[in-house]
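Structure assessment
So the chains spell out like this:
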Amino acid sequence: MMNKLKKLCFIIAALPIVVLLASQVLPKQKVATIAEPVSAIEARARELASLTAGEDGIDNSWALWLINAKNPLPYGYLPELRSIGVLEFDSRAAVYALLMIMEARNAGVTLTPVSAYRSVERQSANFESFYNNALNEGYSPAEAFELTVANIAVPYASEHNAGLAIDFNTVEEEFDQTDEFNWLSDNARKFGFIMRYPENALETTGIIYEPWHFRFVGLYHAKQIYNSGLTLEEYIGYCRGDNTAVDAFRERFEKSF
Ligand SMILES: [Zn+2]
């Protein structure tokens, strides 16, 4: 009961922020009035960014959700969505995405989401398109399929299908050479986001290095994952007491020294 009340209080408290933030992202005519000065939103953004587990009065442990080829979304899953500019995101996490984008802007960094929620139909089309390109480049059907699986999650196995991941700015490895990437590396966790597919973790995550792909896991777990250096797969295994993931990480970790 208390949790529900806390959630309700947060939703009510967060609504004006969402509207105000939306006013910065959406065309001006969509927001008629702004009742709160911008400095108040910035103060709230900083407040949220400095919180740790439980301090924000909401339980976002729901966001510690493993979505990958072995753990697809339930068939037919459709998240409740909320607009983040021209794109859509899980309604429970949208405020964090907007706050992060706004705080980056305050620091002189322009984060442009190029992909957020993606429908399963769109996921299928992306998969087919990548596969066909691979065939055209001369790969055999089996090779093309393997290559596509490492680059594009199969439908229902993408975090984008859950509306919990954002691709920023340029979907290419060189993104890690930019100020935007540096800012995200230093700050994303403060808003509950992690870089989901680090370098040299294909074996664990099943996905190539994607410096542009950031995943909402909640404030507490984002900080824990950042500090641990684990992938989400390894971290969830660690939380469950499964040492296999930690052993796999230790092997990679020791090799890097
Ligand atoms: Zn992505």
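Definitions and limits used
- Residues numbered from 1 in each chain as written.
- Predicted model: local features only at pLDDT ≥ 70, side-chain atom pairs only at ≥ 80, totals over all residues.
- Pairing = 2+ DSSP bridges.
- Helix = DSSP H or I, 4+ residues; strand = E, 2+ residues; numbered from the N terminus.
- Axes fitted to C-alpha atoms, helices over the stretch in contact; angles between N-to-C directions.
- Parallel < 35°, antiparallel > 145°, perpendicular 65-115°, else oblique.
- Left-handed = near helix turned anticlockwise from the far one by under 90°.
- Contact = placed C-beta atoms within 7 Å.
- Nonpolar A, V, L, I, M, F, W, Y, C, P; charged D, E, K, R; others polar.
- pLDDT = per-residue confidence, 0-100.

Let us now look at the pairing of strand S2 (residues 87–90). Judged from the 4 bridges that link them, strand S1 (residues 81–84) and S2 form a sheet pairing that is antiparallel. Across the sheet, the residue bridging to Ser 83 is Glu 88, located in S2. With antiparallel pairing between neighbouring strands as the criterion, S1 and S2 make up a hairpin whose turn holds 2 residues, including Gly 85 at a positive phi of roughly 70 degrees.

What follows concerns the packing of helix H4 (residues 120–136) against helix H5 (residues 141–151). Here H4 crosses H5 at 135 degrees, and the two axes come no closer than 9 Å. Considered as vectors, H4 and H5 are oriented oblique to each other. Seen along the crossing, H4 lies across H5 with a hand that is right-handed. Taking contact as the criterion, the partners of Phe 127, Phe 130, Tyr 131, Ala 134 and Leu 135 in H4 are, on H5, Pro 141, Ala 144, Phe 145, Leu 147, Thr 148 and Asn 151. Its residues assigned to classes, the contact of H4 with H5 shows 9 nonpolar, 2 polar and no charged.

Chain-level pLDDT for the chain is 80 on average; 72% of the residues reach the 70-or-more range. The weakest mean pLDDT in the chain belongs to helix H1 (residues 2–25) at 45; the strongest belongs to strand S4 (residues 165–168) at 98. Predicted confidence is poor over residues 8–38, with pLDDT under 50, and the contacts of this stretch with residues over four places away or in other chains come to 30 contacts. Every residue in residues 51–57 scores below 50 in pLDDT, and together they form 12 contacts with partners more than four places removed in sequence or on other chains.

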